[in-house]
Amino acid sequence: MSAAPMDDPLLAARVAAGVQDAVAAYARALDAGLPDAVATLFTPDGVTVIDGQGVFTGRAEIRAAYAGFRVTRPQLHLVTNTVVTRWTAEEASAVSDLAFFRLGRDGWAVRLVGRYDDTLRPHEGAWLFHHRHATFLS
């Protein structure tokens, strides 16, 4: 990868903002049950790996995979502690923690916790996921 070095503060700020936008948009689209919107947050050749579910490559497979996760009750993916660990103008790596909440008869409850390991690339003016790996902690 050629680009400005990681110590370029302007590049760092642009990359961090782009990564944060993608992370937040993904959680909101997932919670709203919008598989088309989730798929558009990936590059055309993007890959998502969901532990226990599979590996999905390309927007069509990603869209189909997320269409299978039907939203039946209010839910919330709380994604936090996002850290961009490596970046250039062409690619960024980030890690985030997540907690998944679902509203039940007794109120909101944590259903799972985990981590996202991401590689993002700029595509058509936005930072999109090129590779996203969701792991779940027990």
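Residues numbered from 1 in each chain as written. Predicted model: local features only at pLDDT ≥ 70, side-chain atom pairs only at ≥ 80, totals over all residues. Heavy atoms only, no water.

Glancing now at the packing of aromatic side chains. A ring pair, where both rings are aromatic, is described by two values, the distance of the centres and the angle of the planes. If you walk through the whole model with that rule in mind, you get 6 aromatic pairs. Consider the rings of Tyr-26 and Tyr-66, whose centres lie 5.9 Å apart with planes at 90°: the pair is edge-to-face. Remark: Tyr-66 occurs in helix α3 (residues 58-67) and Tyr-26 occurs in helix α1 (residues 9-32); sequence separation between them is 40 residues. A single burial state applies to Tyr-26 and to Tyr-66, both of which are buried. Pairwise contacts between aromatic rings join Tyr-26, Phe-42, Tyr-66, Phe-69, Tyr-116 and Phe-129 into one cluster. The ring of Tyr-26 carries the charged tip of Arg-132 above its face, separated from the ring centre by 4.2 Å. (Phe/Tyr/Trp six-rings, centres within 6.5 Å; stacked < 30°, edge-to-face > 60°. Helix = DSSP H or I, 4+ residues; strand = E, 2+ residues; numbered from the N terminus. Buried < 20%, exposed > 50% of the residue type's maximum accessible area, 1.4 Å probe, protein only. Lys NZ or Arg CZ within 6 Å of the ring centre and 35° of its normal.)

What follows concerns the environment of Gly-104. Relative to the helices and strands, Gly-104 is located in strand β4 (residues 92-104). A residue is classified by how much of its surface remains accessible, and Gly-104, at 23% relative accessible area, is partly exposed. C-alpha of Gly-104 to C-alpha of Ala-60: the two residues are 44 residues apart in sequence and 32 Å apart in space.

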